[in-house]
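# Structural features, examined
So the chains spell out like this:
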Amino acid sequence: MDLELAHGAGAPRKGESWGAVLLLAYQSLGVVYGDVATSPLYVFKSAFAGDDITHTAGNEEIYGVLSFVFWTLTLISLLKYVLIVLRANDGGEGGTFALYSLICRHVRAGLLPGGGNSEDLMADDKDAAGRRGDRSRARTVLERYRVLQRLLLLFALLGTCMLIGDGVLTPALSVSSAVSGLELSMEKAQHKYVGLPVTCAILICLFALQHYGTHRVGFIFAPIVCIWLLCISMIGLYNIIHWNHHVYRALSPYYMYQFLKKTQKGGWLSLGGILLCVTGSEAMYADLGHFSQRSIQIAFISVVYPALVLAYMGQAAYISQHHSFENSYHIGFYVSVPEKLRWPVLVIAILASVVGSQAIITGTFSIIKQCSALSCFPGVKIVHTSSTVHGQIYIPEINWILMILCLAVTIGFNNTKHLANAQASLGKFHEGAWVPITLSFIFMVVMSVWHYGTIKKYEFDVQNKVSVNWLLNLGPSLGIVRVRGIGLIHTELMSGIPAIFSHFVTNLPAFHQVLVFLCVKSVPVPHVEPEERFLVGRIGPKEYRLYRVIVRYGYRDVQQDDLEFEKELINSIAEFIRSGGADQNGFVEGSEKLSSISSGAIPLWEEGGDGEVDGPASPNKEINQQTVAPQRKKARFVLPKSAQVDAEVRSELQDLMDAREAGMSFILGHSHMKAKSGSSFVKRIVINFFYEFLRRNSRGPSYAANIPHASTLEVGMVYQV
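These remarks concern the structure in this document. (Residues numbered from 1 in each chain as written. Predicted model: local features only at pLDDT ≥ 70, side-chain atom pairs only at ≥ 80, totals over all residues. Heavy atoms only, no water.)

## Considerations on the overall build of the protein
Per the secondary structure count, the protein includes 24 helices and 14 strands. Going through the 721 residues of the protein one by one, you find that 54% of them count as buried. Split by element, the accessible area of the protein, about 31,900 Å² in all, is 59% carbon and sulfur. (Helix = DSSP H or I, 4+ residues; strand = E, 2+ residues; numbered from the N terminus. Buried < 20%, exposed > 50% of the residue type's maximum accessible area, 1.4 Å probe, protein only. Areas by Shrake-Rupley, 256 points an atom, 1.4 Å probe, with all protein chains shown as cover.)

What follows is the structure in structure tokens.
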């Protein structure tokens, strides 16, 4: 029952060609690297903005900035992310929360329900055997102290929220910086009325493109980034040769020391602007699920990194020979571009800035998906846009929220300098850095409240779960009236009896003659084969007519409509009954043995009251059931000729057909959270208002949309937590 996982990180797998890796590397240029590739537009301008430092004839400042930029790019982007951090992936997924999930499974420090199962932990313990020492001591400390586990989750949430906050500012800064090139080609009065509308229009178009999917956007954007990188590297090489071919000396760390020695406090304050050279580097890790480790490494090392180094050296070479500037923008990128090329480069820069925004947007999608899967973000609609790469997704709600916030900060600041200050450091808090901090705090509150409420709900479910033994002690009738029909009880639990069932029978002591506890699960593969979709097990003896069915869907599988789903469900239970539950692929979940069943093994044929047959005739054996009412459907199972069916199996199949003809009812839980009496004021506010508001306005499970409302019964239940 092995399911091949979707394309993840790392070297090419067996059967995966290098051509596929190179294709992903090409696509990654248009999605991952647009942000860091457009940083030459504003790094030098931001470093020299304000009165922190000035450019003097000795060039110590420009050489120092170049040295800082080179080593920051090398140590953070190349060494940290490309060579080290990309290896810490969680099944091909990257980002802060993927790293947290990976740590939790290895250290058993997770606070999240469903963050890893016992089999994962056992495997990790086996792998860790023989590797004790310092690492074992760290594991022991993390597993022992609950406060450290909470701090670990807090840091993971904080890093996630800061990335989302960056996702609001980065598109605004990239596009605004590119459009600012019009300052050198237009009069100031004209640019005042043209710059902002053009920037907003470009941002709206960017977010409108997201629904086409990462692979299509990557193919559209990759040529733009390739042209941009070629352009800035050629211009940089020209400036080095033409203006100052000795600028390479500034790559020595000695010039960083000289820079700080001369500029003193102003030099330290300017480091915030210098750090913008690695803006977007975190997207390499956050977007890992959209591509692969090897493809991202190849693209950065062979194309992006050399082009950026040449671009920064070229700017420094030009500025080192030009000391008289009228305005601050004269120390930016466009002034180092030859005048004849300025307009073409402006167009390419604007297009590249759009691409630059793509990296952080796709990274935000990946992060939100991980948080939602680990119960740290309200339910959102996740659209998988590729059948081959698991991580390529689109989230409509997040996309439009980012667009609105991005337009708001663009209009609010209306200045590239202020936008740069907003991304710089805490030292620029009053000049704009408060914006990402405020946004991060808001998202932090949302995630914390949702996580807290989810944990409390999960604890309530576990504590109030009805044991199977208690249910079986009631006898075959379960102590209630068993009426004709099939009762389908949806639950998130893969073992045990949900509290909603006991709540229902306590208030209405009657239930259907056949009970099915149904659990719908999504698995991280594109498609689940039909013979592996249904896992069926029996709860108690045969005469109880209690079954558990787990239905698995891949992220690219289309869930069937209600009629087709009902048929396949009944078929799978019928085949389970006929085979006696014996299956080589069976496994034990709790105390129940579940078997992988092919739903088409025993076809279910249904006829209307007028004799219309739902399907062609079959020469195989039939178990047929006549009905009393002429307008009701008749149902029969068609067994293989070679099938040996004893009287007990035939009786169980007959009961299943009777129940099918009587109809199927879907029982869904509709829970409300409420803080129990005696709770603190803060807890009552968090649970009764904030969490309930988020729950009402978030999406429910995907399977609920395909359930026919006419046969649905919602059971309301109040969770006193």
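Back to the text.
## Quick word on the environment of valine 107
Within the secondary structure layout, valine 107 lies in helix α5 (residues 96-107). For the pair valine 107 and arginine 139, spaced 32 residues apart in the sequence, the C-alpha separation amounts to 5.3 Å. Ignoring anything within four residues of it in the chain, the contact list for valine 107 reads Arg139, Leu142 and Glu143. (Contact = heavy atoms within 4.5 Å.)

## Some remarks on the environment of glycine 95
For glycine 95, the position within the fold is in the loop between α4 (60-84) and α5. Residue classification places glycine 95 among the buried residues on the basis of a relative accessible area of 2%. Residues glycine 95 and glycine 289, 194 residues apart in the sequence, show an inter-C-alpha distance of 8.9 Å.

## Quick look at the nonpolar core
Grouped together as the largest cluster of nonpolar side chains are 130 residues, with contacts concentrated most on Tyr33, Val65, Phe97, Trp228 and Leu229. Residue contributions to this core peak at 15 residues, all from helix α14 (residues 293-319). Sequence-distant contacts of valine 65, that is, excluding residues within four places in its chain, are made with Phe44, Ala47, Phe48, Ile53, Phe259 and Ile274. Val536, Tyr553, Ala574 and Met664 belong to the second largest nonpolar core, which has 26 residues in total. (Core = buried A, V, L, I, M, F, W, Y, C linked by side-chain atoms within 4.5 Å.)

## Brief notes about helix α15 (residues 342-373)
The end-to-end C-alpha distance of α15 is 47 Å, a good match for the 46 Å that 32 residues give at a rise of 1.5 Å each. With 26 of its 32 residues buried, α15 lies for the most part within the structure. Immediately beyond the C-terminal end of α15, within one or two residues, lies serine 375, with a positive phi of roughly 60°. (Expected span 1.5 Å × (residues − 1).)

## Describing the packing of aromatic side chains
Within the structure shown, the criterion is met by 12 aromatic pairs. Aromatic pair tyrosine 63 and tyrosine 255: ring centres 5.7 Å apart, planes at 85°, arrangement edge-to-face. Of this pair, tyrosine 63 sits in helix α4 while tyrosine 255 sits in helix α11 (residues 254-263), and the two are 192 residues apart along the sequence. In textbook terms, an aromatic cluster arises when at least three aromatic residues are bridged by ring pairs, as seen for Tyr33, Phe300 and Tyr305. (Phe/Tyr/Trp six-rings, centres within 6.5 Å; stacked < 30°, edge-to-face > 60°.)

## A word on the pattern of salt bridges
Tallied over the entire structure, the rule returns eight salt bridges. Across the salt bridge formed by glutamate 60 and lysine 262, the nearest N and O atoms sit 3.0 Å from each other. Separated by 202 residues along the polypeptide, glutamate 60 in helix α4 and lysine 262 in helix α11 bring together distant segments of the chain. Between glutamate 575 and arginine 578 there is a salt bridge whose closest N-O contact spans 3.0 Å. Of this pair, glutamate 575 and arginine 578 both sit in helix α22 (residues 562-579), three residues apart, which is roughly one turn of the helix. Judged by its relative accessible area of 27%, arginine 578 falls in the partly exposed class. (Salt bridge = Lys/Arg side-chain N within 4 Å of Asp/Glu carboxyl O.)

## What about the side chain of threonine 410?
Mapped onto the fold, threonine 410 is located in helix α16 (residues 396-413). A polar contact of 2.7 Å, which involves the side chain of threonine 410, links it to the backbone oxygen of cysteine 406. Excluding its chain neighbours within four sequence positions, the residues that come into contact with threonine 410 are Ala172, Ser176, Leu196, Thr199, Cys200 and Leu203. (Polar contact = N/O pair within 3.5 Å; in protein donor to acceptor, adjacent residues only side chain to side chain.)

## A few points about the packing of helix α8 (residues 146-179) against α15
To characterise two packed helices, one gives the angle between the axes of the helices and the distance between these axes. Closest axis-to-axis distance for the α8/α15 pair is 8 Å, and the angle between their directions is 170°. Comparing their axes, α15 and α8 come out roughly antiparallel. The segment α8 lies against α15, with Thr160, Leu163, Ile164, Asp166, Gly167, Thr170, Pro171, Ser174, Val175, Ala178 and Val179 engaging Leu346, Ala349, Ile350, Ser353, Ser357, Ile360, Gly363, Thr364, Ile367, Ile368 and Cys371. Residues belonging to the contact of α8 with α15 are distributed by class as follows: 13 nonpolar, eight polar and one charged. (Axes fitted to C-alpha atoms, helices over the stretch in contact; angles between N-to-C directions. Parallel < 35°, antiparallel > 145°, perpendicular 65-115°, else oblique. Nonpolar A, V, L, I, M, F, W, Y, C, P; charged D, E, K, R; others polar.)

## Description of the packing of α4 against α14
Direction vectors running N to C along α4 and α14 enclose 175°, while the axes themselves pass 10 Å from each other. Classed by the angle they form, the pair α4 and α14 counts as roughly antiparallel. Counted together, Ile62, Leu66, Val69, Phe70, Leu73, Thr74, Ser77, Leu78, Val82 and Leu83 of α4 and Gln297, Phe300, Ile301, Tyr305, Leu308, Val309, Tyr312, Met313, Ala316 and Ile319 of α14 form the full contact between these two elements. Residue classes in the contact of α4 with α14 are distributed as 17 nonpolar, three polar and no charged.

## Here's the deal with unusual backbone geometry
Residue arginine 545 is not a glycine yet carries a positive backbone phi of 60°. Positionally, arginine 545 belongs in the loop between β5 (534-538) and β6 (546-554). A relative accessible area of 12% means that arginine 545 is categorised as buried.

## Thoughts on the side chain of arginine 695
Checked against the element boundaries, arginine 695 lands in helix α24 (residues 681-696). Under the relative-accessibility criterion, arginine 695 is labelled buried at 18%.

## A few points about a nonpolar patch on the surface
Taken together, Val141, Tyr145, Val147, Leu148, Leu151, Leu154, Phe155, Leu158 and Met162 make up a surface patch of nonpolar side chains, about 790 Å² in accessible area. The element contributing the most residues to the nonpolar patch is α8, with seven residues. With respect to the secondary-structure elements, leucine 148 resides in helix α8. (Patch = residues over 30% accessible without salt bridge, like charges linked within 9 Å, V, L, I, M, F, W, Y side chains within 5 Å.)

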